[in-house]
Amino acid sequence: MTSMSTIEPCDASADILHDEQRRPFRGDCVDAMTFQTEAMQHERLMYHISWSMLGNNEDCADAVQDALMRTWQKKATLKSMDRFRPWLMMILTNTCKDMLRKRKKQRFVPLEDAMAVAQQDTQKDLLPLMEAIGTLKPEMRVVITLYYLEGNSVEEVAEILSLPTGTVKSRMSHARRKLSILLQDEWEGEE
Amino acid sequence: MNEKDFSRKFRQITPEVPQDFHQAMKSTLSNIVRDEHNNRGEIKVGRRFSGRTLALALMIMLLLTTVAMALMNWTVFENIIGAVPQNASKIMKSNLATVTVNNVEITIKEAGYDGMSLYLQYSHRMLDMDHPVGEVGEGDGKRYLTQEDMQEYSDYKVGWWIDNIWFDGKPMDMPAGSSGTTNGTEVNGEIIESQLWRLSVEDVYLDGKVEISLPIGERQDRRAIYATKNEDGTLPLPEDGMVTFTLDTTLAQGDMIKTHPNIPTEFDTLTATVSEVVYTPIMAYINVDVDVKDEALADFIARNGDGFYGEEGELFWKYGPADVLDEWGVYSLVMVDGDGNLVLPNMREEYGYIYGGSGYSTTSLEYLFPYLDQYPEEMYLVQSHEGVLDLDHKIKVK
C-alpha cells in the first residue's frame, strides 16, 4: 500500500531531473519532453529487442508505438527514473509477447527483414547463420541479441528482461548449443 | 565459431534501425509531447499505416481519440484540430471518389491542401452491416472501435495495407508531426479515417492538380510489393489495392504568404530568430531557428555534470544543446502584439488543440497559430512561464 505522506509534489520536473543532488526522480514527475528524450536514447535497443522477438519491421514499429504509449500511461508506477531503461524494455518485451501470442498459428517467427537484407547485401556465407538464428525461439533470440549484438552482460540482460540471471544463462547456453548443431560448428569457449 | 566471430557475424546480418521504426517512435513521442502541452488527457498518434489490424485495433483502443458523431462540414478538422478553421471551405473539396471493393464502399470524403499540409478524410462502409461500428464512449458520445470491430473490418480484406501514399505516382511515408484518427459513425458499417499529412516537414509541396493514390482498397501481398522496390529504395505505385483521386491543390493568389523576419533575439543561453513564417488560409506556420551558446552548454555541464548517468554509473547520454534548449523551454513561446498583449489569449479553447509548439530539433522550433483575418501590425514570440510573459526578450514575427 502506498503511503501518501512519502510522495512529494512534482514541481518543475526538469529541475528534478537536473538538480545538483542528482536525486532520482519519479516517473509521475516526468514531463513528456523528458520522456521523449529518455526514450529516444534507447531507440536502437528497442528496435533490436522487438526485431529479435517479432522478426519483421512492421510489427516492430507497431510494438514500439504500443509500448511507448503503455509506458507513458503507466509512468506513475515508476518509482525512480534511474530504472527507466529496464522498465521500458520490460514493457516492450511484454508487448512483443502479446503480439506473439496473437500469432497462434506461428510457432517460430521467421526473420523476414533479415532475410531480405541478406539476400540483397550480405555475403552468402552468412545465410546459414541467419537461417539458424531464425529457428531459435523468440525468447532465446532476444537474449542472444542483447548479449552479442548490444554487448550487455548477463546481469544486464537479466535486468532488461526482468529474468533471473540463471534463466538468461540457460537460454544462452541452449541457443549456443542449437546454433552449433545447426551450423555444424563447435562453439568455442562456452562456459 | 567463437564468441567474437559470432558477435561480428551477428552484427552483419542484423538490420540497422529502419526509417519506419524511427518514424513510429518519433511520431508517438511527438504526439505525447504535444498532447501534454495541450493539456489534454487524450493522445493522438501519428499513425504509421500498416495492414496489421489486430495491432491496429489494440493501438486504436489505447490511443486513438475522437470521433465526431454529429457530422458537420469538414469533419476532418474537427477530428484532427478540434475545430473547423474559418477558411476551411477555401481549400477543401468533398466526395472526390467512390469505389466498391469486396462489398465495402470506399469514399474519399474530404481533402484539401493549404500549401504546407494535406488534410484528408475517407470512409470504408461495409454495405451488408446492419449496425454502426464502434462503441459509444462514456461521457463524450463518440464511437470508439473495439478489437472485434477491427477484426470484423479486417475480414472484408480492405483498408490501409502498406506504409506509403503516392503523389502523381511518387511514394511518400508519413512525415513526422502528422496525425490520424479512426472512428465509427452513426451510419451502419461506416468507419472514418481523418488524417493530417505534414508534407512540408519532408519538403514536399504540391502544386496544381495532383493525383493522390491511397492504399486503401483490397489488401495486397506486401512482400510482393516490397520485392518490386525502385533502385532508390522507394516503392513504385502498386497496380492493385489503390484508390486514386485528383485534388486541385492550387491556392488562390495571395492565399499563401511567406515572410522571413530574420531578426535575432539574444537570450542568456541562446539566440532565437524567426526564420520563416508561412501564412496559409488554415494556419500560420512559424519556424524559429535557435542557436545554443557554447558558454550556456558549458554552464549547463558545470551545473549538471557531463551527461545523464544511471544508478550503476552507466552513461545514458552526454549533455548537449538539446538539454540547454529543454531547460529554456521549447514550448514556452506565445504570441504578443506590439504592446505586449497576448494575440490569442484562449487559443486552444477557441481555435483547436493543435496550435502552439508542434515540434523541435536542436536547431529549430516549429509553432502553429490559427488563421486570423487581421494579424496585428507587429507580432512577437515571447516566453511565458506560468503566465508571466518575458517582454524583455521578444522574437520578431512581424
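About the thresholds
- Residues numbered from 1 in each chain as written.
- Chains lettered and ligands numbered in written order.
- Predicted model: local features only at pLDDT ≥ 70, side-chain atom pairs only at ≥ 80, totals over all residues.
- Heavy atoms only, no water.
- Helix = DSSP H or I, 4+ residues; strand = E, 2+ residues; numbered from the N terminus.
- Buried < 20%, exposed > 50% of the residue type's maximum accessible area, 1.4 Å probe, protein only.
- Contact = heavy atoms within 4.5 Å.
- Areas by Shrake-Rupley, 256 points an atom, 1.4 Å probe, with all protein chains shown as cover.
- Core = buried A, V, L, I, M, F, W, Y, C linked by side-chain atoms within 4.5 Å.
- Axes fitted to C-alpha atoms, helices over the stretch in contact; angles between N-to-C directions.
- Parallel < 35°, antiparallel > 145°, perpendicular 65-115°, else oblique.
- Left-handed = near helix turned anticlockwise from the far one by under 90°.
- Pairing = 2+ DSSP bridges.
- Phe/Tyr/Trp six-rings, centres within 6.5 Å; stacked < 30°, edge-to-face > 60°.
- Lys NZ or Arg CZ within 6 Å of the ring centre and 35° of its normal.
- Salt bridge = Lys/Arg side-chain N within 4 Å of Asp/Glu carboxyl O.
- Arc of directions from axis to C-beta.

Caption draft 1: Structural detail: the overall build of chain A. If you tally the helices and strands in chain A, you get ten helices and zero strands. Secondary structure elements in chain A, listed N-terminal to C-terminal, are α-α-α-α-α-α-α-α-α-α. Looking at chain A as a whole, 55% of its 191 residues are labelled buried. Counting only contacts in chain A whose residues sit at least 6 apart along the sequence, the fraction spanning at least 24 positions is 65%. Summed over all atoms, the accessible surface of chain A reaches about 8,900 Å², with 50% contributed by carbon and sulfur.

Caption draft 2: Structural view of the nonpolar core. If you look at the biggest cluster of nonpolar residues, it comprises 116 residues, and the most contacted ones within it are B:Tyr119, B:Ile286 and B:Leu381. Per element, the largest residue contribution to this core is nine residues, and it comes from helix α5 (residues 84-102) of chain A. For B:Ile286, the residues in contact, after removing those within four places along its chain, are B:Val274, B:Glu276, B:Val277, B:Met335, B:Leu365, B:Glu366, B:Tyr367, B:Phe369, B:Leu381 and B:Val397. Listed in part, the 34 residues of the second largest apolar core include B:Met150, B:Tyr156, B:Leu206 and B:Phe245.

Caption draft 3: Region of the structure containing the environment of A:Phe84. Residues and elements named next belong to chain A. With respect to the element layout, phenylalanine 84 can be found in helix α5. Judged by its relative accessible area of 1%, phenylalanine 84 falls in the buried class. Along the primary structure phenylalanine 84 and alanine 39 are separated by 45 residues, whereas in three dimensions their C-alpha atoms are 8.6 Å apart. Excluding residues that lie within four positions of it along the chain, phenylalanine 84 makes contacts with Phe35, Glu38, Ala39, His42, Thr71 and Leu78.

Caption draft 4: Broad picture of the packing of helix α3 (residues 43-54) of chain A against helix α4 (residues 57-73) of chain A. Residue and element names in this part refer to chain A. The N-to-C vectors of α3 and α4 enclose an angle of 125°; their axes lie 9 Å apart at closest approach. Classed by the angle they form, the pair α3 and α4 counts as oblique. By crossing handedness, the relation of α3 to α4 is classed as right-handed. Two secondary-structure elements touch here, α3 through Met46, Tyr47, Ser50, Trp51 and Leu54 and α4 through Asn57, Asp59, Cys60, Ala63, Val64 and Leu68.

Caption draft 5: Region of the structure containing the sheet that holds strand β3 (residues 118-126) of chain B. All names here are of chain B. Judged by pairing direction, the sheet is antiparallel, and its five strands sit side by side in the order β1-β2-β3-β9-β8 without closing on themselves. Pairing within the sheet leaves two strands with one partner each, and these edge strands are β1 (93-101) and β8 (179-184). Ignoring which end each strand starts from, the neighbouring axes of this sheet average 15° apart. In terms of strand pairing, β1 meets strand β2 (residues 104-113) through seven bridges, oriented antiparallel. Bridging from a neighbouring strand, lysine 93 pairs with alanine 111 of β2.

Caption draft 6: Examining the sheet that holds strand β10 (residues 209-214) of chain B more closely. All names here are of chain B. An order of β7-β6-β10-β11 is seen for the four strands of this open sheet, with the pairing classed as antiparallel. Both outer strands of the open sheet, β7 (170-172) and β11 (243-248), are each paired with one neighbouring strand and no more. Between one strand and the next, the sheet's axes are offset by a mean angle of 30°, whatever the strand orientation. In terms of strand pairing, β10 meets β11 through six bridges, oriented antiparallel. Residue glutamate 211 lies in a different strand from β11, and its bridge partner there is threonine 246.

Caption draft 7: Quick look at the environment of B:His131. Residue and element names in this part refer to chain B. Take histidine 131: it is sitting in the loop between β3 and β4 (135-136). Residue class for histidine 131 comes out partly exposed when judged on its relative accessible area of 30%. Those residues in contact with histidine 131 that lie beyond four places of it in its chain are Glu152, Asn188 and Gly189.

Caption draft 8: Here's a closer look at the packing of aromatic side chains. Residues and elements named next belong to chain B. This structure, assessed with the given rule, holds 14 aromatic pairs over all chains. A centroid spacing of 5.0 Å and a plane angle of 85° characterise the contact between phenylalanine 300 and tyrosine 319, whose relative ring orientation is edge-to-face. In this pair, phenylalanine 300 is assigned in helix α8 (residues 294-304) and tyrosine 319 in the loop between β17 (315-318) and α9 (321-328), connecting sequence segments 19 residues apart. Residue phenylalanine 300 is classed as buried on the basis of its relative accessible area, which comes to 0%. When the ring centre of tyrosine 205 is taken as reference, the NZ or CZ atom of lysine 258 above it lies at 5.3 Å. A cation over a ring is seen here: lysine 394 above tyrosine 380, with NZ or CZ 4.5 Å from the ring centre.

Caption draft 9: Broad picture of the pattern of salt bridges. Residue and element names in this part refer to chain B. For the structure shown, the criterion picks out ten salt bridges over all chains. As a salt-bridge pair, glutamate 327 and arginine 303 come within 3.0 Å of each other at their nearest N and O atoms. With glutamate 327 in helix α9 and arginine 303 in helix α8, this pair connects stretches of sequence that are 24 residues apart. On the basis of relative accessibility, which here comes to 35%, the residue arginine 303 falls in the partly exposed class.

Caption draft 10: Focus on α8(B). All names here are of chain B. Along α8, the residues that are buried comprise Ala296, Phe300 and Asn304. Taken down its axis, α8 places every buried residue within 50° of arc, on the same side. For α8, exposure combined with an orientation more than 90 degrees from the buried face picks out Asp294, Glu295 and Ala302. With its phi angle positive at about 90°, glycine 305 sits one or two positions after the end of α8.

The values are spatial; any link to function lies outside them.
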